[in-house]
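Listed below are the residues making up each chain.
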Amino acid sequence: MSKISHHNKIILIGFMGTGKSSVAEGLAQALGWDYMDVDAEIVRRSSRSIASIFETEGEQRFRQLETEVLQQLLESADTAIIATGGGAVLKEENRQLMLQYGLVIHLSAAADVIISRVSRDTGRPLLQGDLTKRVYSLLDQRKTAYDFAHIEVDTSLLTIPQVVTNILETWHNANNDT
Ligand code: S3P
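Residues numbered from 1 in each chain as written. Predicted model: local features only at pLDDT ≥ 70, side-chain atom pairs only at ≥ 80, totals over all residues. Heavy atoms only, no water.

We now examine the nonpolar core. Within soluble globular proteins, side chains that are nonpolar tend to cluster in buried spots. With 37 residues, the main nonpolar core has I13, I82 and M98 as its most contacted residues. For this core, the secondary-structure elements that each account for two or more residues are β1 (9-13), α2 (38-46), α3 (50-57), α4 (59-75), β3 (80-83), α5 (92-101), α6 (111-118) and α7 (131-141). In terms of residue count, the dominant contributor to this core is α4 (six residues). Sequence-distant contacts of I13, that is, excluding residues within four places in its chain, are made with K20, T84, V89, M98, V104, I105, H106, L107, Y146, F148 and A149. (Core = buried A, V, L, I, M, F, W, Y, C linked by side-chain atoms within 4.5 Å. Buried < 20%, exposed > 50% of the residue type's maximum accessible area, 1.4 Å probe, protein only. Helix = DSSP H or I, 4+ residues; strand = E, 2+ residues; numbered from the N terminus. Contact = heavy atoms within 4.5 Å.)

Structure, rendered in structure tokens:
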């Protein structure tokens, strides 16, 4: 078995609109693993939407909650697929935790694909205002933020099941490598 297959967590990182939550669900189904979503867990615990936390308590407080939840999910003994929010990679502490506990998969997508995928969703506080400008500006700020992942899959031209299959193939090849 190769190094990456020793972990009991698969962690999906990537910019907003790259399909993290849907792919996590698909992977969980295919592997028979649990599926956990950091943002959904924050919402569940605080009984508020992400937008409301940003609005009333600010992004910094959201980032604290994000680190707390991420750490707890990663430290749990269960085997699980974990979907993170697009900004969960911004803190070094979070990046170290992810690398310590799991196989980290970066889902990427072209800017125009991201814009079209998120355009009907008003729940993302960081994308309020001029959507195109916001996406390009954040993509630029984060251009190397996801580079620490073990694997990158460009989802621009793929369906969710295709992304899932692609990851499972990489996973199986890694298991059969050594
Ligand atoms: C954020 C991404 C969102 C959510 C929050 C902040 C970001 O998650 O965590 O709005 O900083 O990129 P998704 O990537 O699931 O949209």
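What follows deals with the site of the ligand. Every one of the 13 residues lining the ligand counts as a neighbour, but K20, D39, R63, R124 and R142 are closest to it. At a separation of 2.8 Å, an oxygen atom of the ligand approaches a polar side-chain atom of D39. R124 places a polar side-chain atom, nitrogen or oxygen, 2.6 Å from an oxygen atom of the ligand. The protein chains hide 93% of the 390 Å² of surface that the ligand would expose on its own. (Near = heavy atom within 4 Å. Polar contact = N/O pair within 3.5 Å; in protein donor to acceptor, adjacent residues only side chain to side chain. Areas by Shrake-Rupley, 256 points an atom, 1.4 Å probe, with all protein chains shown as cover.)

Here the focus is the pattern of salt bridges. For the coordinates displayed, the defined rule picks out nine salt bridges. Each of E41, R44 and R45 takes part in a single network of salt bridges with overlapping partners. (Salt bridge = Lys/Arg side-chain N within 4 Å of Asp/Glu carboxyl O.)

Here we come to the side chain of K20. Tracing the backbone shows K20 in helix α1 (residues 20-31). The buried charged residue K20 lacks any salt bridge, with D39 as its nearest oppositely charged partner at 7.0 Å. Of note is the side chain of K20, whose polar atom sits 3.1 Å from the backbone oxygen of F15. (Lys, Arg positive; Asp, Glu negative; His and termini not counted.)

With parallel pairing, five strands are arranged side by side in an open sheet as β2-β3-β1-β4-β5. Either end of the sheet is taken by a strand with one partner, and the two such strands are β2 (34-37) and β5 (151-154). Strand-to-strand twist across the sheet, computed as the mean angle between neighbouring axes with direction ignored, equals 20°. The pairing of β1 with β3 spans four bridges and is classified as parallel. From the neighbouring strand, L12 faces β3, where its bridge partner is A83. (Pairing = 2+ DSSP bridges. Axes fitted to C-alpha atoms, helices over the stretch in contact; angles between N-to-C directions.)

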